[in-house]
Amino acid sequence: MEKLRNLFRETRLDKESLIMPVFVDENLSSPMEIPSMPDYYRIPVDSIGDEIGKAMELGIKAFILFGIPKHKDEIGSSAFDSNGVIQKALKNARREFEDAVLITDICLCEYTTHGHCGVVKGEEILNDATLPILQKIALSHAESGADIVAPSGMMDGMVKAIRDALDENGFENTAIMSYSAKYASSFYGPFREAADSGFKFGDRKSYQMDIHNSDEALREVELDLKEGADIVMVKPALSYLDILRRVKETFKVPLAAYNVSGEYSMVKAVSKAGWLDEMSIIYEILTSIKRAGADLIITYHAKQIAEVL
Ligand code: PBG
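Residues numbered from 1 in each chain as written. Predicted model: local features only at pLDDT ≥ 70, side-chain atom pairs only at ≥ 80, totals over all residues. Heavy atoms only, no water.

K.L.:
Describe the site of the ligand, and please don't skip the residues or the numbers.
P.N.:
Residues in close proximity to the ligand total 19 residues, the closest being Lys 182, Arg 192, Lys 235, Ser 261 and Tyr 300. Ser 261 has a polar side-chain atom sitting 2.7 Å from an oxygen atom of the ligand. Here the ligand loses 100% of its free accessible area of 400 Å² to cover by the protein chains. Of all elements in the fold, only strand S9 (175-182) and helix H6 (189-194) reach the threshold of two or more residues within the shell around the ligand. Looking at the shell around the ligand residue by residue, the classes come out as 11 nonpolar, three polar and five charged. (Near = heavy atom within 4 Å. Polar contact = N/O pair within 3.5 Å; in protein donor to acceptor, adjacent residues only side chain to side chain. Areas by Shrake-Rupley, 256 points an atom, 1.4 Å probe, with all protein chains shown as cover. Helix = DSSP H or I, 4+ residues; strand = E, 2+ residues; numbered from the N terminus. Nonpolar A, V, L, I, M, F, W, Y, C, P; charged D, E, K, R; others polar.)

Rendered as structure tokens:
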């Protein structure tokens, strides 16, 4: 009987669990659809209020902001410019929406000419030289109104470096969501077009995790928690439901899953072809991510699913 089936349901998908990604592009004056992510848009800095307002009306409360800057250089200096794309977007959004949870991605890849997540020397990614830059970015986001900063570059020691910088400057209450177990996945392809963050040489394998490993994810999460992460993340989500489950059972801490761009684009492609029912598979996918153990889900389907929840 349907009413009893609902009563005994173990997993419930709710709007409170959703985090909506927002791509803010400093070069735009009107929204631009991302070709590899049908129905998803980059928006101009001035549109952030509208975008967040519409989503909040649907019941979405949390947002993660990605910036596409006008200026790129070797060290990604526009990422910590107090007048940079994310800083401006944060101030706009904060002015209009005091209760929106504003999260910012902390990474260099959208801001560097080479497109890597750290500073480079030749073809080598310099972990330690990247940390002071991440500190500056986190601090400038906190100053502009971010509630949570989310370092995504998988540099060793990034969480501690950012925690220290925030605490020393009076931002003890700014939380950290770390992309702790981020795999060197092929599912990020469409994002690189969305955020204009493709790299010019090499790959991300020196800093992102080997897809064949699972124990290593637990070690990464443990380190980030020791360094002060408030929320840990597994990314991507769908091919890594086992990792979500292990992390949740081992640590019992707030856990986010990133339902990444490639997962979104697959759903869109198959739905447009008419081969699967779009809303049903979105619901099933997001439910599976929750059932696996995620408390929070970053998803490009946020608005779509919020409309039906
Ligand atoms: C930046 C970053 C990436 C994603 C989120 N932050 C890309 C990458 O690591 O190459 C991917 C998100 C997605 O695919 O939806 N480091």
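K.L.:
Provide a residue-level description of the nonpolar core, including the pertinent values.
P.N.:
With 109 residues, the main nonpolar core has Phe 23 and Met 177 as its most contacted residues. The residues touching Met 177, leaving out its near neighbours within four places in the chain, are Ile 19, Ile 64, Ile 103, Ile 148, Val 149, Ala 150, Pro 151, Ile 231, Met 233, Ala 256 and Ile 298. (Core = buried A, V, L, I, M, F, W, Y, C linked by side-chain atoms within 4.5 Å. Buried < 20%, exposed > 50% of the residue type's maximum accessible area, 1.4 Å probe, protein only. Contact = heavy atoms within 4.5 Å.)

K.L.:
Explain a nonpolar patch on the surface to me, using residue names and the numbers behind them.
P.N.:
Where nonpolar side chains cluster on the molecular surface, the patch consists of Met 1, Leu 4, Leu 7 and Phe 8 and spans about 500 Å² of accessible area. Inspection of the secondary structure puts Leu 4 in helix H1 (residues 2-7). On the accessibility criterion, Leu 4 (38% relative accessible area) is partly exposed. (Patch = residues over 30% accessible without salt bridge, like charges linked within 9 Å, V, L, I, M, F, W, Y side chains within 5 Å. Salt bridge = Lys/Arg side-chain N within 4 Å of Asp/Glu carboxyl O.)

Don't take any of this as a statement about function, it's just geometry.
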